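This is what each chain is made of:
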Amino acid sequence: FHCLPYLRQLISMAQRPARDLKLSATDALTDLFLTRLLPERPLVPFERRQLPKKPSERLLLQAHFEDELKKAYAEVAEIVMKGTGDNVLHCKQRMLTSLLSML
């Protein structure tokens, strides 16, 4: 749960126009999501989560974290998709590699 602000900061770095910063941040985000953050199952949005009538605070925090993680992953996927349209071949190839690993 405490990693969300740092994740947002990396996402904002990946949205900047500087190509070297964008590529580094995108590589870091892709690696972070694929090796550490994403579970083996699909992420469930908060609205679709089946919660008991009196959920514990821990369960609510987990549901919130998973919802925010899903939104962040969608943002990263969008950044990578936009990056595949870059005019510089090296940048386009790195973004395509990231996109392929995210599938």
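Cut-offs and rules
- Residues numbered from 1 in each chain as written.
- Predicted model: local features only at pLDDT ≥ 70, side-chain atom pairs only at ≥ 80, totals over all residues.
- Heavy atoms only, no water.
- Axes fitted to C-alpha atoms, helices over the stretch in contact; angles between N-to-C directions.
- Helix = DSSP H or I, 4+ residues; strand = E, 2+ residues; numbered from the N terminus.
- Parallel < 35°, antiparallel > 145°, perpendicular 65-115°, else oblique.
- Left-handed = near helix turned anticlockwise from the far one by under 90°.
- Contact = heavy atoms within 4.5 Å.
- Nonpolar A, V, L, I, M, F, W, Y, C, P; charged D, E, K, R; others polar.
- Phe/Tyr/Trp six-rings, centres within 6.5 Å; stacked < 30°, edge-to-face > 60°.
- Buried < 20%, exposed > 50% of the residue type's maximum accessible area, 1.4 Å probe, protein only.
- Salt bridge = Lys/Arg side-chain N within 4 Å of Asp/Glu carboxyl O.

### Side note on the packing of helix α1 (residues 4-14) against helix α3 (residues 57-83)
The N-to-C vectors of α1 and α3 enclose an angle of 10 degrees; their axes lie 10 Å apart at closest approach. Considering the angle they form, α1 stands roughly parallel to α3. As α1 runs across α3, the sense of the crossing is left-handed. The residues of α3 that touch α1, namely those facing L4, L7, R8, I11 and A14, are F65, E68, L69, K71, A72, E75, V76 and I79. Residue composition of the contact of α1 with α3, by class: nine nonpolar, no polar and four charged.

### As for the packing of aromatic side chains
Applying the stated criterion across every chain, the model contains one aromatic pair. Ring plane angle 70 degrees and centroid distance 5.1 Å describe the contact between F33 and Y73, whose orientation is recorded as edge-to-face. Here F33 is found in helix α2 (residues 19-37), whereas its partner Y73 is found in helix α3, with 40 residues between them in sequence. Overall, the relative accessible area of 1% leaves F33 in the buried class.

### Some words on the pattern of salt bridges
Tallying each qualifying case throughout the model produces nine salt bridges. With a closest N to O distance of 3.8 Å, K71 and E68 form a salt bridge. Of this pair, K71 and E68 both sit in helix α3, three residues apart, which is roughly one turn of that helix. Here E68 falls in the buried class, since its relative accessible area comes to 18%. Shared partners join several salt bridges into a network, and the residues in it are R8, D67, E68, K71 and E75.

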